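# Close look at the chain arrangement
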Amino acid sequence: MPNAIKLYRHPLSGHSHRVELFLSLLNLPTELVFVDLANGAHKTADYLAINAFGQVPVIDDNGTLISDSNAILVYLAKKYGNGSWQLQDPLTEARIQRWLSVAAGQVAYGPAAARLITVFGAAFNADEVIARAHALLKVMEAELSDSPFLAGTETSIADVANYSYIAHAPEGNVSLEAYPNVRAWLQRIEALPGFVPMQRTAAGLQAS
Ligand SMILES: N[C@@H](CCC(=O)N[C@@H](CS)C(=O)NCC(=O)O)C(=O)O
C-alpha cells in the first residue's frame, strides 16, 4: 500500500475539488489537509514554502510537492493513470491540453469568478463574468453534441479539470438549463466509479 498522498485544500475550492475528485477516481489513498483560507493560512511563511503563489491545491506525494491543479492532474495521470486519462496520441493530447487551458482561462474567469462573488463576496462585475460563463457554456454545449467527453470518446483529465466549476455554476447565478449536453456530460462524470462531489453552497440559483 503506497503512502497516502497529502492534498492541501479548501472544501469550497473547485480547483481543490478537481484534484480530490481525480485522486478518488484513481482510487489513491489520500489525506486531506484543510487550509484555512478565511484566516490567511495560505499566506503564512510555512505555506508559501510549499506553494510560493499562496494558493490551494498542493499535493505532497511522498515528499514530492506539486502545486497548480492542472499540473497536478497531469502528474497524477502520467504517474498513476495506467495509460488512461491522458491519452498519448498527438491529436487527443492536444485536445486535452486545449480543455486544460479552458479550465485555467474561460472557466476561472467565467463560472468560477461568478461563484466567487456569491460564495466569497468577491468584487467582480457579475454581469461580465456571468456573460463570460454563458459564452463558454455555448461552446461546450455544441462540442458535447458530437462526443460524450470533452476530448473525445474517452474520459480524460480534461473532464476532471472542467467538471467542478461547471457543476457548481448555478451557485454563481449561472443557469445550466439551456445546456442539456453539458448536463448530460456532468452526469456521465458523476456516474464514474470513485466520483466524489464537492460540498454544495446555498448561494445564487442554488439558494432557493
Ligand atoms: N492556477 C491555480 C489556481 C488556484 C486558485 O485560484 N486557488 C484559490 C482557491 S480556489 C486560492 O487558493 N485562492 C487564494 C489566493 O489566491 O490568495 C490552480 O489551478 O491550482
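The structure we're discussing is the one just above.
As a starting point, this report considers the structure included with it. Just so it is clear, the structure is predicted and the values come from calculations on it, not from any experiment. (Residues numbered from 1 in each chain as written. Predicted model: local features only at pLDDT ≥ 70, side-chain atom pairs only at ≥ 80, totals over all residues. Heavy atoms only, no water.)

## Side note on the packing of aromatic side chains
For the structure on display, the rule yields 3 aromatic pairs. Each ring, one from F22 and one from W85, has its centre 5.2 Å from the other, and the planes form 75°; the classification is edge-to-face. Of this pair, F22 sits in helix α1 (residues 14-25) while W85 sits in the loop between α3 (69-80) and α4 (90-104), placing them 63 residues apart in sequence. Accessibility classification places F22 together with W85 in one group, the buried group. (Phe/Tyr/Trp six-rings, centres within 6.5 Å; stacked < 30°, edge-to-face > 60°. Helix = DSSP H or I, 4+ residues; strand = E, 2+ residues; numbered from the N terminus. Buried < 20%, exposed > 50% of the residue type's maximum accessible area, 1.4 Å probe, protein only.)

## Brief notes about the layout of surface pockets
Of the voids in this model, the largest pocket is the one considered here, and its volume is about 730 Å³. Lining the largest pocket we find 29 residues, and of these H15, Q55, V56, L116 and Y165 sit closest to its centre. At the level of elements, α1, α3, α5 (106-109), α6 (111-120) and α7 (126-143) are the ones that each hand at least two residues to the lining of the largest pocket. The greatest single-element share of the lining of the largest pocket, amounting to 5 residues, is contributed by α6. Residues lining the lining of the largest pocket come from more than one domain, with at least three contributed by each of domain 1 (5-80) and domain 2 (90-206). Empty space within the second largest pocket amounts to approximately 210 Å³. Contributing to the lining of the second largest pocket are A167, P170, S175, L176, E177, R183, L186, Q187, E190, R200 and L205. At 4 residues, the largest contribution of residues to the lining of the second largest pocket is made by helix α9 (residues 180-190). Tallied by class, residues from the lining of the second largest pocket come to 5 nonpolar, 2 polar and 4 charged. (1 Å grid on protein atoms, 1.4 Å probe; cavity = no way out; pocket = protein on both sides within 12 Å on 5 of 7 lines; lining within 4 Å. Points joined across faces, edges and corners; volume = space filled by probe spheres on them. Domains from an automatic or database assignment. Nonpolar A, V, L, I, M, F, W, Y, C, P; charged D, E, K, R; others polar.)

## Things to note about the pairing of strand β3 (residues 58-61)
Of the two faces of β3, the one carrying V58 and D60 and the one carrying I59 and D61 are both buried. Where strand β1 (residues 5-9) lies against β3, 3 bridges are found, and the strand directions are antiparallel. Bridge pairing in β3 places L7 opposite I59. Relative to strand β4 (residues 64-67), β3 runs antiparallel, the two sharing 4 bridges. Bridging from a neighbouring strand, D60 pairs with L65 of β4. Counted along the chain from β3 to the antiparallel partner β4, the turn is 2 residues long, and its residue N62 has a positive phi close to 55°. (Pairing = 2+ DSSP bridges.)

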